[in-house]
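Structural description and commentary
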Amino acid sequence: MTATSMHPLAAVALVGAFLTVGVYVVAVLDHAVWAVAAGRRPAVRQLVAGPVHRAALLLVSAPGDTERTDAQGWALAPALLAGLAALALA
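So, how was this worked out
- Residues numbered from 1 in each chain as written.
- Predicted model: local features only at pLDDT ≥ 70, side-chain atom pairs only at ≥ 80, totals over all residues.
- Heavy atoms only, no water.
- Helix = DSSP H or I, 4+ residues; strand = E, 2+ residues; numbered from the N terminus.
- Rg over C-alpha atoms; globule rule 2.2 N^0.38 Å.
- Buried < 20%, exposed > 50% of the residue type's maximum accessible area, 1.4 Å probe, protein only.
- Areas by Shrake-Rupley, 256 points an atom, 1.4 Å probe, with all protein chains shown as cover.
- Lys, Arg positive; Asp, Glu negative; His and termini not counted.
- Charge placed at Lys NZ, Arg CZ, Asp CG, Glu CD.
- Patch = residues over 30% accessible without salt bridge, like charges linked within 9 Å, V, L, I, M, F, W, Y side chains within 5 Å.
- Salt bridge = Lys/Arg side-chain N within 4 Å of Asp/Glu carboxyl O.
- Expected span 1.5 Å × (residues − 1).
- Contact = heavy atoms within 4.5 Å.

**Overview of the overall build of the protein chain**
Scanning the protein chain from terminus to terminus reveals 3 helices and 0 strands. When the helices and strands of the protein chain are placed in sequence order, the string is α-α-α. Taken over the C-alpha trace, the protein chain has a radius of gyration of 23 Å; the compact-globule value for 90 residues is 12 Å, which it surpasses by more than 25%. Oriented by its inertia axes, the alpha-carbon framework of the protein chain measures out at about 50 × 50 × 30 Å. Here the protein chain, with 90 residues, has 6% of them falling under the buried criterion. Within the structure as shown, the protein chain displays about 8200 Å² of accessible surface, and the carbon and sulfur contribution to it stands at 71%. Measuring between centres, the 5 positive side-chain charges of the protein chain sit 19 Å from its 4 negative side-chain charges.

If you want it as C-alpha cells, here you go:
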C-alpha cells in the first residue's frame, strides 16, 4: 500500500461514520428550523439530545399496525403497471 491509500475496511467505516454524522446534523437542523418556524426558541440541549431521544423511543416502541391492503387495488395493479410500461415505451 502506498502512503495515500487506505485500507478498504477503514474506508467503509469512514463512509459509515460520515453518513451517521450527516444524518444526525440534518435531524438537528430539521428540529431547529421547525422550532423557529413555530415561533419557539429551541434549547441547545433539546436540539442536541432530540435525535438520540427519538431514535431510542423508536427502538423500544412496539411496531404499529398498517392498514389492510386494498383488494381492488391489488387486482388492478398489474393492468395499470402494464399500461404505464407501454406508455413509457411509446
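**A word on a nonpolar patch on the surface**
A contiguous nonpolar surface patch, about 610 Å² in accessible area, is contributed by V21, Y24, V25, L29, V44, V48 and V52. A total of 4 residues in the nonpolar patch trace back to one element, the largest contributor, which is helix α1 (residues 8-37). With respect to the helices and strands, V25 occurs in helix α1.

**Remarks on α1**
With 30 residues, α1 extends 43 Å between its outermost C-alpha atoms, agreeing within 8% with the 44 Å of an ideal straight helix rising 1.5 Å per residue. Listed as buried for α1 are V28, A32 and A35. Against α2 (44-60) lie the buried residues of α1. Downstream of α1 by a residue or two, G39 has a phi angle that is positive, lying close to 85°.

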